Amino acid sequence: YLDLVVIIYFLLESVLKMIALGLIVHKGSYFRGLVNLVDFIVTLTSLVAVVVYFARRSEDVPCISYGFSKAMCGIQWLRILRVFRLLRATRITGIYTTLSGLATAMKAVVTILLFSSLMITAFAITGTSLFRGRLYYCTDPSKNTRHECQGQFFTYPTSDLSCPMVETREWIKYAIDFDNFGASFLTLFVMITQEGWPWIMYSGVDSQELLDDYEPQGTRHYASHLSAFYFIFYMMALTYILYNLFGGLLITKFHESSLTTLDLDFNQESLLRFALTVKPLKHVPKFSCCPGINRWFQTLVNHRVFKVIVFILIGINTFVLILQHHEMDEEVKLAIYWINVTFTLLFAIETFLKLVAYTTPIYFGKTWRVFEFLIAAGSLLEFFLQLTVLKHGSYAFSHIVSSFRSLRLLKLPRIYYILWTVTKTLELLPWIFALLAGVYIIYSLIGVQLFGAIEPVSIDLNEEFHITEFNNFGNFIQALLLLIRVSTGENWQNVMYSCTEYSSFLKCHNTTCSEQCGNNFAYIYFPSFFFLSAILVLNLFVAVISDKFDFFVEDHSQLNLLHLKKFVKLWSEHDEEGRGTLPYKELLKLFKRCDPPLGSGSCCPLAVQYKRLIKLNMPIVMDGDEERVSLNATLFALLRVSLNLGQRSKSCRFLGVCTCVL
């Protein structure tokens, strides 16, 4: 009933849009929009499926024996179309931008896709000619033909030869084959994913020539060893070259499509965004009560030798914790424990010195110092609990928080740049995660409708059937977990074969609407999902991350966000009230204190500094009778000059508009 209420709601939405926009005659009408057309078809088909469901329920008869004929049962499959309503989420700006960039990149790599398809087609035709009808085997290895593979034979599941087991001979075709072009193309696509390709190659190597009456023979080790060159050449040509070429070209084109209309890279775009949105800081005096003592301690904790000693102690402490292992001697456990306590006290002293040096407001003003304080406080708390509550407990308890101390090594200069770049990259990934989640949800819902009636088997009873109690489409959660496994490439082709009509071990639930619960649509369902999730979206992840890591491999002496943050901090020392404006005469003093590339430094000639100030051409803000300049306008003018944005024709219009706004 809830399903019916939702369908009626969407039907009313469609009717209201038809009234508001019109039907189809004029531009912008309802049926001229692709999204509206999909919505209407989905709503209409969902309504038909619900009507058929209530009709069956009222008669209380199975679907197959119902009077509408067996074909009416297929109407229930129209429910699958409802999942496409999730495509309405593409109207969200972030997802739409990601899809637009991906679509632009795909237009550029469509030639590679076409060329790859032609190459696979050529190899598929060759494979059909070479291995058509040859990939069969008898469960009794001593029999090579279909006529011989009859009756029963003995097997010995254990090493005891007095306990044989009788089994029936079966003539079985491999799950993968080259019997026709479609099967060959699918097999070669599976090889591109590098999942199980050695087994496919060995199956071809062990295959034998057909008999004179085109009767297939069984397998024999290395019966056609030259066939290995076919598979090896294919893997080198398609997988290792074209597949990586496709990924590289997709990444490159996505980088180009992600550039703004100003042709700015990630670093320049981040700088402009920061300049336009940054808020002024309220200056906190460095030395509040005892300036002499604070200054001395600050000199100590900022000294290079002090920092090097701290990093060495962190490294030694991490190495000591690495030495832990199972079944250690009590003496070793006790030694590691007291060494860790010693380091805990040393780092607690370090934290105390920094608190005295910076004072409480400044110390807790940085996230990194808060992290250091929490590690030190947590380690002391562990030590206190070990001495009081857990006197006879395990020494391992004192190592839990201390093990996170090694993360402080991330503050090393080069590593810190990587960490900073990763954090900036993570800000841009949510929309890709949303796009990937949409693919998973849509395919999970379709999978439940298509393969939900397949009865799973115990993994201990049948190792050849891959729809088990752990991997099945019985409900949405199970389908989602199975698709996550498929996207990792873990044995995904066998899951696909288990869902087809030709699976030997396929069984259906008694509640299924049809006598056959397998579906050959699996040959389209699984490859398309693997292409979207594991190939396309994965390369999209790599494209976004590599685009942002371009900044890491570049010269860090160039202008970046760290320079802008330092400039804002120096600005706060001149603008102690945090008003966001300064008298324009103060700018010269500020630029002298700030090093290049934003400032001029104290050694720069005065004439050069005045010339640079004039070149900035910043707007003046009147505050009473005093002429002042704003922080955002100053940063924007500095970026315009430092990045030479004024020389670009596309940028000039944008700069003029933004300057007026500021």
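Residues numbered from 1 in each chain as written. Predicted model: local features only at pLDDT ≥ 70, side-chain atom pairs only at ≥ 80, totals over all residues. Heavy atoms only, no water.

1. A few points about the overall build of the chain
1) Next: Of the regular secondary structure elements, the chain holds 21 helices and seven strands.
2) Next: Counting all 662 residues of the chain, 41% fall into the buried class.
3) Next: Counting contacts in the chain only where the partners sit at least 6 residues apart, residues at least 24 apart contribute 68% of the total. (Helix = DSSP H or I, 4+ residues; strand = E, 2+ residues; numbered from the N terminus. Buried < 20%, exposed > 50% of the residue type's maximum accessible area, 1.4 Å probe, protein only. Contact = heavy atoms within 4.5 Å.)

2. Quick word on the packing of aromatic side chains
The geometry of an aromatic ring pair is captured by two quantities: the separation of the ring centres and the angle between the planes.
1) Next: Evaluation of the coordinates by the stated rule reveals 29 aromatic pairs.
2) Next: Ring geometry for Tyr-443 and Phe-529: centres 5.2 Å apart, planes at 55 degrees, overall tilted. Taken together, the residues Tyr-443 in helix α13 (residues 430-451) and Phe-529 in helix α16 (residues 522-553) connect sequence positions 86 residues apart.
3) Next: Residue Tyr-443 is classed as buried on the basis of its relative accessible area of 13%.
4) Next: For Phe-529, a relative accessible area of 0% gives the class buried. (Phe/Tyr/Trp six-rings, centres within 6.5 Å; stacked < 30°, edge-to-face > 60°.)

3. Some words on the pattern of salt bridges
1) Next: Under the criterion given, the structure shown has eleven salt bridges.
2) Next: We note a salt bridge from Lys-17 to Glu-13, for which the minimum N-O separation is 3.6 Å. Residue Lys-17 and its partner Glu-13 are located together in helix α1 (residues 2-21), separated by four residues, close to a single helical turn.
3) Next: With its nearest N and O atoms 3.7 Å apart, the salt bridge here joins Lys-589 to Glu-586. (Salt bridge = Lys/Arg side-chain N within 4 Å of Asp/Glu carboxyl O.)

4. Examining the pairing of strand β2 (residues 152-155)
1) Next: Here β2 shows a clear split, with Phe-153 and Thr-155 buried on one side and none of Gln-152 and Phe-154 buried on the other.
2) Next: Pairing of β2 with strand β3 (residues 165-168), which is carried by four bridges, proceeds in the antiparallel orientation. Along β3, the bridge assignment pairs Gln-152 with Thr-168. (Pairing = 2+ DSSP bridges.)

5. Description of the nonpolar core
1) Next: Ranked by internal contacts, the top residues of the largest apolar core, which has 66 residues, are Leu-188, Tyr-234, Phe-451, Phe-473, Tyr-525 and Phe-526.
2) Next: Counting only elements with at least two residues in this core, the list comes to α3 (93-131), α4 (181-192), α5 (197-206), α6 (228-258), α13, α14 (476-487), α15 (492-498) and α16.
3) Next: With twelve residues, the top contributor of residues to this core is α16.
4) Next: Setting aside residues no more than four positions away along its own chain, Phe-526 makes contact with Phe-451, Phe-473, Val-486, Trp-492, Val-495, Met-496 and Cys-499.
5) Next: Membership of the second largest hydrophobic core comes to 31 residues, among which are Leu-588, Leu-635, Leu-638 and Leu-643. (Core = buried A, V, L, I, M, F, W, Y, C linked by side-chain atoms within 4.5 Å.)

6. Notes on the side chain of Glu-350
1) Next: Along the polypeptide, Glu-350 turns up in helix α10 (residues 330-363).
2) Next: Ignoring sequence-local partners within four residues, the contact set of Glu-350 consists of Phe-306, Val-310 and Arg-408.

7. Re helix α19 (residues 606-616)
1) Next: For α19, every residue scored as buried is listed here: Gln-609, Leu-613 and Leu-616. For α19, the buried positions fall inside an angular range of 60 degrees around the axis, keeping them on one side. Every exposed residue of α19 that faces more than 90 degrees away from the buried side is listed here: Ala-607, Lys-611, Ile-614 and Lys-615.
2) Next: Just past α19, the residue Asn-617 takes up positive phi, approximately 55 degrees. (Arc of directions from axis to C-beta.)

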